[in-house]
Amino acid sequence: MSMNRADIAFEVNGAAVSVSVPPVRRLSQVLRDELRLTGTKVGCDAGDCGACTVLVDGEPVCACLMPAASAAGAAITTVEGLANGKLSALQASFLDHGAAQCGICTPGLLVAATALLENNPFPNEIETQDALGGVLCRCTGYRKIVAAVMDASRHANGLDHRMPGSGHAVGASPVRLDGLPKVTGGERFGGDSFPADALAVLVVRSPHYRARFTFGDLDSWARARPGVAGVFTSADIPGKNCFGVIGPFADQPALAEGFSRFRGEAVALVAGEREAILDLDLADFPIAWTELPHLLQPCEAQVDGAELIHQHRPANLLTSGFVERGDPDAALSGAAAIVSGTIDTSYVEHAYIEPEAGYAYMDGDTLVVVACTQAPYMDRDDTAKVLGLAVDKVRIVPTATGGGFGSKLDVSLQPLIGLVAMKTGRPAALAYTRNESMISTTKRHPAEMQATIGADADGRIAGMVFSGDFNTGAYASWGPTVANRVPVHASGPYATPNYRAEGRAIHTNGPISGAFRGFGVPQATIMQETLYDELAGKLGLDRLDFRLKNCLRNGSETVTGQKLDSGVGIAECLEALQPHWTRALAETELFNAGSSTKKRGVGVASCWYGCGNTSLPNPSTIKVGISAQGEVVLHQGAVDIGQGSNTVITQICADALGLPLEKFRLKSADTAITPDAGKTSASRQTFVTGKAAEKAGRALREAILRFANVSERAAIALDGSSLAIREGEATRRVDLSTLQADNDGLVFVAEETYDPPTLPLDAKGQGKPYALYGYGAQIAELEVDLKLGTVKLIKITAAHDVGKAINPLLVEGQIEGGIAQGIGMALMEEYIPGRTENLHDYLIPTIGDVPPIETILIEVPDPEGPFGAKGLGEHVLIPTAPAILNAIRHATGVLVTKVPATPSRIRAAIRDKEARQ
């Protein structure tokens, strides 16, 4: 029965409104669903994330916590009301500083900052952090947000868009091309454009880690509830009830069939009218559970006789990766200094502020799914398989994606809403709750690692062995990628002539572990870099000098036997850190001499990361053309999840073509209209899709020059529908409107594909797994309270070799955001199934947790990359946690071997050390 309604009147953005809703309906729902003011975002419905912040009579309030009745008579301002026809100074400052990345948290931050600036037009950093402390951001690292707020007064006269004119686009930092809707509230994320007549969908999920289940009378239950349109189970799935990102390992059902393997697994769907679903209680849903014994740790799952989670995978081993070079055992036995250690890491939750959301509908005989995603073509293929449709009868239209970091590579709700739309003929919409998102989607793999590293008397690495067990959870997801990528990278960016490494992905009944910014490399780097510090100490060498002595250089061979002819920038990164290292050590020594209860420490760590898939095809295709109206139309299928691919790839194409950015119009990812640019993962878009964009731009330019019969030295320009081609003193003008256009309205067009040249790895892991690598190194400075075990970060200095900074401002934003996630991994983030399934109990860094970050951009071009550029998105997170752990050890004398290094773990390690003394 529907809840009683009341007429509630209030003011929104200066206009009087009245709604008839239940008095206890959340104000956030009223704003979004009744008034269609979807700029107010919903990330948690618990007041934890602050994305729904609005002003109520001038004061910032979480709209998800305010009942509609409490808004009666109030004046409410949402992000849509911050500007009157033009940007506010604050919105302009956000764009200018690159303070909006994915944009899902941006409205909440803008509203909270507006309240601050009303009372304090010139806030300092502490005041800004205090005012925005209730709003979480997962992308930016907050530093550019703080700068934008403090600098807002300077933008009172509007925004200098910094759009390059006649100069080069590559190397400039124009305002991101998709930035404007992110600051106005106009951006449409997965839950922002549900059709008014869409059925709402609820997912029934397993409350147990492992269980059998049977259904009761589903039809009678549904008929007894007005507004419920139907209940759907695995029996309703018309295709193959199995999906997975890596075809040969695909093993996950869209809806479980009588048996669930993890807590949160989907077993049934309930669809109905929106109001009926809002009021529906699933407590009496007709399902009977029989809980079964479960295995949550790899060590349990590997015991002889352990229950198999998948019958065709003996010993619960999904797969393993292996790399061996030289004779590491002999090298270690003859080494002058040797160190060994173990490190365990935890599940880490992606914690993007946008939970999974989308809707599906039938367009004739084609299923259209409109949802947040990182991989539209992969979604299309898996959804078609599950629903028994031809691939060309499924269309995926990505919305703006409010953060992904790897987890939105796997399908989530796409086949579920697709099933309901197919079965009912009605649009079907679903937005996960925060709890639902956290229990059902993928995590960073927990790792149990051991390694030994030895060096000769001169401090040169002689050999290394590494072994890691990675808890891949109930289903495969990206477990094979982690198992194979880790052994390639576990040496770090250092010459290691004798080496053996194995990575194993092991099934448990825990959460599914998948892709998360680095595919296991951040975990392995913690193991390797903490041992490097210990080894440097044994050798009596400065820790930074030790790394410089051993780092890869042009001409080096990697542990897979790949010769790196050029583009190796790790030495330049480490050298750039040297003055900062010297200063930090001196300041730390001075502080520690005068303090007994608090000690400072300085840590350093490096990274390298192969861009793209490991030894596998990895193509991207880009289409670009010129319309009869004189626009450059770029079919850009690389999903922008905040990292800036919409802007960066356009900048690359613009310079390759020789036309300015302002002439470009984007046709973003849509499997019906844009070629496949591949998934947004593996730090591949700037490199792989950027290279395809460079090739397409050059091919289009060549086609135009050939048409005009001029040489490659000619310049081209667009003026309305007139194309001018100039060479020397001669200019030829082409009236584009007189040329024949294709089905897309294009009169000139080019489509190009790029697939990085790699080679397979042999049985010993020898080969060329990646066409190019990116490099980086970071210094962490911090202070530890020896009595409390708490850590205060003072500064992080980051030097990253990006080959060529296509857009330096966006590069800085990626570095700061990755470092923030590395801080979380190092110090606070630990997903515990059954305990930390919300953003209140699961802690991610807030605006006060990220210290000043100094970014040093190193540009050692790689001839394989577009304009020399390398990938960056994952590299920037990798060194942060080990640098912090090394700094904690420098401050305290103890290494925390279970990550994150929480205060209790730091205190326990200090107590153990004191007990041994």
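Residues numbered from 1 in each chain as written. Predicted model: local features only at pLDDT ≥ 70, side-chain atom pairs only at ≥ 80, totals over all residues. Heavy atoms only, no water.

Colleague: Could you clarify how one ought to interpret the overall build of the chain in this entry?
Modeller: Looking only at helices and strands, the chain features 22 helices and 34 strands. At 28 Å, the chain has a C-alpha radius of gyration in line with the 29 Å of a compact globule built from 917 residues. Taking all 917 residues of the chain together, the buried fraction comes to 62%. A fraction of 77% describes how many contacts in the chain between residues 6 or more apart in sequence connect residues 24 or more apart. Approximately 31700 Å² of the chain is accessible, and the part contributed by carbon and sulfur atoms is 50%. (Helix = DSSP H or I, 4+ residues; strand = E, 2+ residues; numbered from the N terminus. Rg over C-alpha atoms; globule rule 2.2 N^0.38 Å. Buried < 20%, exposed > 50% of the residue type's maximum accessible area, 1.4 Å probe, protein only. Contact = heavy atoms within 4.5 Å. Areas by Shrake-Rupley, 256 points an atom, 1.4 Å probe, with all protein chains shown as cover.)

Colleague: Hey, could you run me through helix α15 (residues 521-539) in this one?
Modeller: Three or four residues apart is the spacing at which side chains of an α-helix point the same way, because the helix has 3.6 residues per turn. Look at α15: 26 Å from first C-alpha to last across 19 residues, which is about the 27 Å you get at 1.5 Å a residue. For α15, the buried fraction is high: 15 of the 19 residues fall into the buried class. Positive phi appears at Gly540, one or two residues downstream of α15, with a value of about 70 degrees. (Expected span 1.5 Å × (residues − 1).)

Colleague: Explanation requested: the nonpolar core in the structure shown.
Modeller: In globular proteins that are soluble, nonpolar side chains generally tend to be buried together. With 153 residues, the main nonpolar core has Phe94, Phe466, Ile570 and Ile884 as its most contacted residues. If we skip the residues at most four places from it in the chain, Ile570 touches Pro493, Cys551, Leu552, Ser606, Cys607, Tyr775, Gly776 and Ala777. The next biggest cluster of nonpolar side chains, apart from the first, holds 45 residues, and it includes Ala628, Cys653, Leu659 and Tyr754. (Core = buried A, V, L, I, M, F, W, Y, C linked by side-chain atoms within 4.5 Å.)

Colleague: Would you take a moment to explain the pattern of salt bridges for this structure?
Modeller: When their charged atoms lie close together, side chains carrying opposite charge are able to pair. Evaluated as defined, the whole model comprises 49 salt bridges. Notably, a salt bridge pairs Glu816 with Lys144, separated by 3.6 Å at the nearest N-O pair. You can see Glu816 sitting in helix α20 (residues 808-827) and its partner Lys144 sitting in helix α5 (residues 143-150), a full 672 residues away along the chain. Here Lys144 falls in the buried class, since its relative accessible area comes to 9%. Between Arg543 and Asp533 there is a salt bridge; the shortest N-O distance is 3.0 Å. On the criterion of sequence distance, the pair formed by Arg543 in helix α16 (residues 543-550) and Asp533 in helix α15 is long-range, its members being ten residues apart. Residues joined in a network through salt bridges with shared partners are Arg5, Arg25, Asp33, Glu34, Arg274 and Glu275. (Salt bridge = Lys/Arg side-chain N within 4 Å of Asp/Glu carboxyl O.)

Colleague: I'm lost on the sheet that holds strand β27 (residues 715-719) in this one. Help?
Modeller: Where strands meet in a sheet, backbone hydrogen bonds hold them as pairs that are either parallel or antiparallel. If you trace the three strands from one edge of the open sheet to the other, you get β27-β28-β29, paired in antiparallel fashion. Strands with a single pairing partner mark the edges of an open sheet, and in this sheet they are β27 and β29 (730-735). Pairwise comparison of adjacent strand axes, ignoring direction, gives a mean angle of 20 degrees for this sheet. Relative to β29, strand β28 (residues 722-727) runs antiparallel, the two sharing six bridges. Bridging across to β29, Ser722 finds its partner in Asp735. With respect to the sheet, helix α19 (residues 685-708) is in contact with β27, β28 and β29, its orientation differing from that of β28 by roughly 80 degrees. (Pairing = 2+ DSSP bridges. Axes fitted to C-alpha atoms, helices over the stretch in contact; angles between N-to-C directions.)

Colleague: What is the right way to look at the pairing of strand β15 (residues 357-363) in this model?
Modeller: Within a regular strand, side chains alternate between the sheet's two faces. Here β15 runs beside strand β18 (residues 428-431); their pairing, made up of four bridges, is antiparallel. Each bridged residue has a counterpart across the sheet, and for Ala357 the counterpart in β18 is Ala431. Pairing geometry for β15 and strand β16 (residues 366-371), over six bridges, is antiparallel. Across the sheet, residue Met362 finds its bridge partner in β16, namely Leu367. What sits between the antiparallel neighbours β15 and β16 is a turn of two residues, in which Gly364 has the positive phi angle 65 degrees.

Colleague: What exactly am I supposed to notice about the packing of helix α3 (residues 106-119) against helix α4 (residues 125-132) here?
Modeller: The description of two packed helices rests on the angle between their axes and on the distance between the axes. Axis separation between α3 and α4 bottoms out at 9 Å; the angle between their running directions is 125 degrees. On the basis of the axis angle, α3 is oblique to α4. When the axes of α3 and α4 are compared, the crossing they make is right-handed. Residue-level contacts link Leu109, Ala112, Ala113 and Leu116 of α3 to Glu127, Thr128, Ala131 and Leu132 of α4. Broken down by class, the residue content of the contact of α3 with α4 amounts to six nonpolar, one polar and one charged. (Parallel < 35°, antiparallel > 145°, perpendicular 65-115°, else oblique. Left-handed = near helix turned anticlockwise from the far one by under 90°. Nonpolar A, V, L, I, M, F, W, Y, C, P; charged D, E, K, R; others polar.)

Colleague: Just to check I follow, could you spell out the packing of α20 against helix α21 (residues 880-892) for this structure?
Modeller: Where α20 contacts α21, the two axes come as close as 8 Å, and the packing angle between them is 50 degrees. As far as their axial angle goes, α21 and α20 are oblique. Crossing handedness for the pair α20 and α21: right-handed. Along the contact surface, α20 presents Ile819, Gly822, Ile823, Ala826 and Leu827, while α21 presents Thr880, Ala881, Ile884 and Ile888. For the contact of α20 with α21, the class distribution of residues is seven nonpolar, two polar and no charged.

Colleague: In this structure, what is going on with the state of the cysteines? I would like to understand it.
Modeller: Where two cysteines share a covalent bond between their sulfur atoms, that bond is called a disulfide. The full count for this structure, using the stated rule, is zero disulfides. With no disulfide of its own, Cys64 has Cys52 as its nearest cysteine by sulfur position, at a separation of 3.7 Å. Given the relative accessible area of 2%, Cys64 is considered buried. Cys611 takes part in no disulfide bond, and the closest cysteine sulfur, belonging to Cys607, lies 10 Å away. (Disulfide = S-S within 2.5 Å.)

Colleague: When you look at the environment of Leu90 in this model, what are you seeing that I'm missing?
Modeller: With respect to the secondary-structure elements, Leu90 resides in helix α2 (residues 89-97). Taking the C-alpha atoms as reference points, Leu90 and Arg205, 115 residues apart in sequence, are found 43 Å from one another. Residues contacting Leu90, with those up to four places away along its chain left out, are Leu110, Ala113, Thr114, Leu117, Ala148, Val149 and Ala152.

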